[in-house]
Amino acid sequence: FQLYGYCYQDSNDIPDTLTTITELGSPLEMIQLLQTSWEDRFRICLSLVRLLHYLAHSPLGSVTLLDFRPRQFVIVDGELKVTDLDDASIEESSCTSNSDCFMEFPARNFTLPCSVEGRCQSMNEKRNLYNAYRFFFTYLLPHSAPSSLRPLLDKIVNATGNHNKHDNTKCFLSLCDCHIWDLSPSPSVSSEFTQKWVKSVNTKYRRVPEAFIPDENYRCWPSYHHKGCLLSVFDVNEAIEICDSYSQCKAFVLTNQTTWTGRQLVFFKMASTHIMPDPEKITYVKVTD
């Protein structure tokens, strides 16, 4: 959380008080998050993994959030940040045997190894990860995720939920960071791949360059537009698959806007009777039999 300033006060009325001035964030509402696009939810989970990785390797040592609940976080510019550190702790539990390293949660329990130094190995980091699974990953990651990423997401969710021996925040951060680019098209897409879909586009949809359909909207979920169906796609082929999956979809419009991962935003339309000139858009109209 970005700190802009602080003031230490010590008086008879309010002794030993520290007032902080921080950036403004929006309260985290899980119901609202579940109604947002998958990319936005993935961004929140990614920012959470980055936060947990920092806490596990902070200058103070490994930090655990003892009161790890959604209400302790806020959203700033689409990313998750912790706002309440009253219950943060840097104390790693001491132990004489593995049985002393017992972690109890409502759904399941874990026992971690006791190190030769007499400390429970990575208990703070593991506690944070499992709480991230309980409150965030299991709800935000799998639902409506791109099919190509589901094996990876299942691996992340299952690993954090099962507490595999070698899994840590560095491991999950590497997985998430590397697969951000699986969401967006590569700039070096081969001509063979491109040509593969030219025939499909030409036979199923008619391409109308520099054109836009201003009306003919229908609602879909999740959508970036509350009065229409505006979704992100990897390429034209994914847009075709989405349009084919909606019975009311008769056309779609490629915009020049992209999401934070570089995926292109596309309007899906239920008719193409009124096509208007627009140099920044391309319209594809479904060919009728």
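Residues numbered from 1 in each chain as written. Predicted model: local features only at pLDDT ≥ 70, side-chain atom pairs only at ≥ 80, totals over all residues. Heavy atoms only, no water.

Q: Would you mind going over the pattern of salt bridges in detail, with residue names and values included?
A: Under the definition given, this model contains seven salt bridges. Across the pair R69 and D67 runs a salt bridge, and its minimum N-O distance is 2.7 Å. One continuous salt-bridge network, built from bridges that share partners, spans E39, E238 and R263. (Salt bridge = Lys/Arg side-chain N within 4 Å of Asp/Glu carboxyl O.)

Q: Provide a residue-level description of the sheet that holds strand β13 (residues 264-269), including the pertinent values.
A: Pairing within the open sheet is antiparallel, and its five strands lie in the order β10-β14-β12-β13-β11. In this open sheet, the two strands that pair with only one neighbour each are β10 (205-212) and β11 (229-233). Ignoring which end each strand starts from, the neighbouring axes of this sheet average 30° apart. Of the pairings in the sheet, the one linking strand β12 (residues 251-258) to β13 comprises five bridges and is antiparallel in character. The residue bridging L254 from the neighbouring strand is V266, located in β13. Across the sheet, helix α7 (residues 236-245) is in contact with β10, β11, β12, β13 and β14 (276-286); its angle to β12 comes to roughly 135°. (Pairing = 2+ DSSP bridges. Helix = DSSP H or I, 4+ residues; strand = E, 2+ residues; numbered from the N terminus. Axes fitted to C-alpha atoms, helices over the stretch in contact; angles between N-to-C directions. Contact = heavy atoms within 4.5 Å.)

Q: Outline the state of the cysteines, supporting the account with residue identities and numerical values.
A: Under the definition given, this model contains four disulfides. For C95, the disulfide goes to C114, at an S-S distance of 2.1 Å. Between C95 and C114, the S-S dihedral sits near 95°, and the bridge is therefore right-handed. Placement of C95 in the loop between β7 (88-89) and β8 (102-104) and of C114 in the loop between β9 (109-111) and α3 (123-140) is noted, with a sequence separation of 19 residues between them. On the accessibility criterion, C114 (18% relative accessible area) is buried. (Disulfide = S-S within 2.5 Å. Buried < 20%, exposed > 50% of the residue type's maximum accessible area, 1.4 Å probe, protein only.)

In short, shape yes, function no, at least from these values alone.
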